[in-house]
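# Topology and contacts: notes
Each chain, written out:
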Amino acid sequence: MTGKSTTCGWDRAGSRCGRCGAEHTTAREDDYLTAVGVHGDAHAVWDRLNPIERDGLASILRTILSAPDLAAELLALADRHYQAGGDSR
């Protein structure tokens, strides 16, 4: 045996979305599959929204994603609200 490795494995993979041009590069196969799947799901959600809903969602996500503690608190508030029998308003 020579010391050379003949093992095949995952190195890196990249993808480029044909719809929006977004690029993803990952070092693990499961990360690649997740990234491609989530990106496709994001397109599916975006496509169902009208322009006003898209603007509102983008604004909300910018606020929440910039403050993880706020996101956690909003989810806790929503859970308490639904457990108390509240409606979605």
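Before reading on, note that the structure itself is shown above.
Residues numbered from 1 in each chain as written. Predicted model: local features only at pLDDT ≥ 70, side-chain atom pairs only at ≥ 80, totals over all residues. Heavy atoms only, no water.

## Describing the overall build of the protein chain
Put simply, the rule is: We count a stretch as a helix when DSSP gives it H or I for four or more residues in a row; a strand needs E for two or more, and each element gets its number in order from the N terminus. Exposure classes here rest on a 1.4 Å probe applied to the protein chains alone. A residue is buried below 20% of its type maximum, exposed above 50%, and partly exposed in between. In what follows, a contact means two residues having at least one pair of non-hydrogen atoms within 4.5 Å.
Looking only at helices and strands, the protein chain features three helices and two strands. The secondary structure elements of the protein chain, listed N-terminal to C-terminal, are β-β-α-α-α. Burial status across the protein chain gives 9% buried among its 89 residues. At a minimum sequence separation of 6, the contacts of the protein chain that also span at least 24 residues come to 7%.

## What about the pairing of strand 2 (residues 23-26)?
Side-chain direction in a regular strand flips from residue to residue, so the side chains alternate between the two faces of the sheet. Applicable threshold: Two strands qualify as a pair provided that DSSP identifies no fewer than 2 bridges between them.
Judged from the four bridges that link them, strand 1 (residues 13-16) and strand 2 form a sheet pairing that is antiparallel. Opposite serine 15, over in strand 2, you have histidine 24 as the bridge partner.

## A closer look at the side chain of histidine 43
Following the sequence through the fold, histidine 43 ends up in helix 1 (residues 29-48). Under the relative-accessibility criterion, histidine 43 is labelled buried at 15%. Leave out the neighbours within four places in its chain, and histidine 43 touches Cys17, Arg19 and Cys20.

## Here's the deal with the pattern of salt bridges
As a reminder of what qualifies: One speaks of a salt bridge when a side-chain nitrogen belonging to Lys or Arg is within 4 Å of a carboxyl oxygen belonging to Asp or Glu.
Under the definition given, this model contains five salt bridges. Taking the shortest distance from any N to any O, the salt bridge between aspartate 30 and arginine 28 comes out at 2.5 Å. Residue class for aspartate 30 comes out partly exposed when judged on its relative accessible area of 39%. With a relative accessible area of 46%, arginine 28 lands in the partly exposed category. With a shortest N-O distance of 3.8 Å, arginine 28 and aspartate 31 are connected by a salt bridge. Take aspartate 31: its relative accessible area is 36%, and that puts it in the partly exposed class.

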